[in-house]
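Secondary and tertiary structure notes
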Amino acid sequence: MLATILHGPGDVRCEEVSEPKILKPTDAIIKLSASCICGSDLWPYRGANEVTAPLSMGHEYCGVVVEVGGAVRNVKPGQFVVGSFCLSDNTCPHCRFGFQSSCEQREFMTGAQAPYARVPLADGTLVATADLPADDLIPSLLATSDVLGTGWYAADAAGVQEGSTAVVVGDGAVGLMGVLAARQMGAERIIAMSRHKTRQDLAMEFGATDIVSERGDAGVARIKELTEGVGATSVLECVGTQESMHQALACARPGGKIGFVGVPHGVTFDGQNLFFQQKSLLGGPAPVRRFLPYLMDLVLDRAINPGKVFDLELPLADVAEGYRAMDERRAIKTLLRF
């Protein structure tokens, strides 16, 4: 079968590889209905993460189970499933506490930019729908696998609640999903920080009430102006750079919460400065499995449409163009259909 392999910075190829097989009794093999390119895939593509050997790309996935290992009990062939990018047993103490992304058996999904994929820890990772979903719901169900789940975690970690004010730092796919999540959680005011018209428009469609195009100190000043000098109760940091983290901390009011889900690159903290900020920080890889059943139900009930974040759809053979388009910010998120 054809699959996406990253050989080095800027060098992504669609190549022939062997079809996946059951390696452990807890595995499942799924036939993907769709996959996509994640913003985090751009870190190694841009050379920010070292690539020492060819990488099988892809960790967002949904599709139909075709085979299961002998120990798998919760899913069966023929079922449509969605799984998290963090693979978990969903039974260890951390999983039961709601942090499946810190599972004692944690693995990270790979190889999902392909027509078939092996999913380890299938019983704890995969969630099945009652019936095969309508085709037009596939993009939104795919979004629950990572990008929506991650944006949702950012809002949850930031303590977004009914009537609160939330600031979203980052207008990539995760940031836009953070806007959607904050709206669903009842935030009264949602300030999206974005400099790009198409992303601003989608943020407003997802529920943003204000757009701030300034960055750095000017962006912080604008947030303070909009919040009468107080700052935001909740801030969602969805980028992972030093600038974005500084901006997130500075935008939050004393006692506020920052949910940070951007994979950190070059982010450092000054301990004394952090001490006197008096703000809460919670983040890391999103425990998508905690939210997955609820998010899938919202999609299946057509209460939300996160699939709108995919603004470029390509066949797998053109995956390299999908990476280029996202790298050059010509696309927010690329959907791959099989």
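Here's a quick rundown of the structure.

Definitions and cut-offs
- Residues numbered from 1 in each chain as written.
- Predicted model: local features only at pLDDT ≥ 70, side-chain atom pairs only at ≥ 80, totals over all residues.
- Heavy atoms only, no water.
- Core = buried A, V, L, I, M, F, W, Y, C linked by side-chain atoms within 4.5 Å.
- Buried < 20%, exposed > 50% of the residue type's maximum accessible area, 1.4 Å probe, protein only.
- Contact = heavy atoms within 4.5 Å.
- Helix = DSSP H or I, 4+ residues; strand = E, 2+ residues; numbered from the N terminus.
- Salt bridge = Lys/Arg side-chain N within 4 Å of Asp/Glu carboxyl O.
- 1 Å grid on protein atoms, 1.4 Å probe; cavity = no way out; pocket = protein on both sides within 12 Å on 5 of 7 lines; lining within 4 Å.
- Points joined across faces, edges and corners; volume = space filled by probe spheres on them.
- Nonpolar A, V, L, I, M, F, W, Y, C, P; charged D, E, K, R; others polar.
- Pairing = 2+ DSSP bridges.
- Axes fitted to C-alpha atoms, helices over the stretch in contact; angles between N-to-C directions.

Considering the nonpolar core
One broad trend across soluble globular proteins is that nonpolar side chains are buried collectively. Leu-148, Trp-152, Val-160 and Leu-236 are the most contacted members of the largest nonpolar core, which totals 56 residues. Look past the residues within four positions of Leu-148 in its chain and what remains in contact with it is Ala-143, Met-177, Leu-180, Leu-295, Ile-304 and Pro-306. Judged by nonpolar contacts, the second largest core, of 17 residues, contains Val-212, Ala-232, Met-245 and Ala-252.

Considering unusual backbone geometry
Phi at Asn-90 takes a positive value of approximately 60°, unusual for a residue other than glycine. Note that Asn-90 resides in the loop between strand E7 (86-87) and helix H2 (93-96). Of note in the backbone geometry, Gln-278 takes a positive phi value of approximately 55° without being a glycine.

Considerations on the pattern of salt bridges
Applying the stated criterion across every chain, the model contains 18 salt bridges. Residue Arg-118 pairs with Asp-27 through a salt bridge whose shortest N-O separation is 2.6 Å. Placement of Arg-118 in strand E9 (residues 116-119) and of Asp-27 in the loop between strand E2 (11-16) and strand E3 (28-36) is noted, with a sequence separation of 91 residues between them. Given the relative accessible area of 22%, Arg-118 is considered partly exposed. Since its relative accessible area comes to 0%, Asp-27 is described here as buried. The salt bridge involving Asp-135 is made with Arg-337; its shortest N-O contact spans 3.4 Å. One end of the pair, Asp-135, is in the loop between strand E10 (126-128) and helix H4 (138-144); the other, Arg-337, is in strand E18 (residues 334-337), with 202 residues separating them in the sequence. With relative accessibility at 52%, the residue Asp-135 sits in the exposed group.

Examining the layout of surface pockets
Think of a ball as big as a water molecule: rolled over the atoms, this probe shows where empty space is left. Estimated volume of the second largest pocket: approximately 290 Å³. Along the wall of the second largest pocket there are 21 residues; nearest its centre are Pro-20, Ser-56, Thr-110, Gly-111 and Arg-118. For the lining of the second largest pocket, the secondary-structure elements that each account for two or more residues are strand E1 (2-8), strand E8 (107-108) and E9. Considering only residue class, the lining of the second largest pocket consists of 13 nonpolar, six polar and two charged.

Remarks on the sheet that holds strand E12 (residues 189-193)
The parallel open sheet is built from six strands, whose spatial order is E13-E12-E11-E14-E15-E16. One side of each edge strand has no neighbouring strand; the edge strands of this open sheet are strand E13 (210-212) and strand E16 (280-283). The mean inter-strand angle of the sheet, taken between neighbouring strand axes irrespective of direction, is 20°. As judged from the four bridges shared by strand E11 (residues 165-169) and strand E14 (residues 232-237), these two strands associate in the parallel manner.

By themselves, these are just geometric observations and shouldn't be taken as functional.
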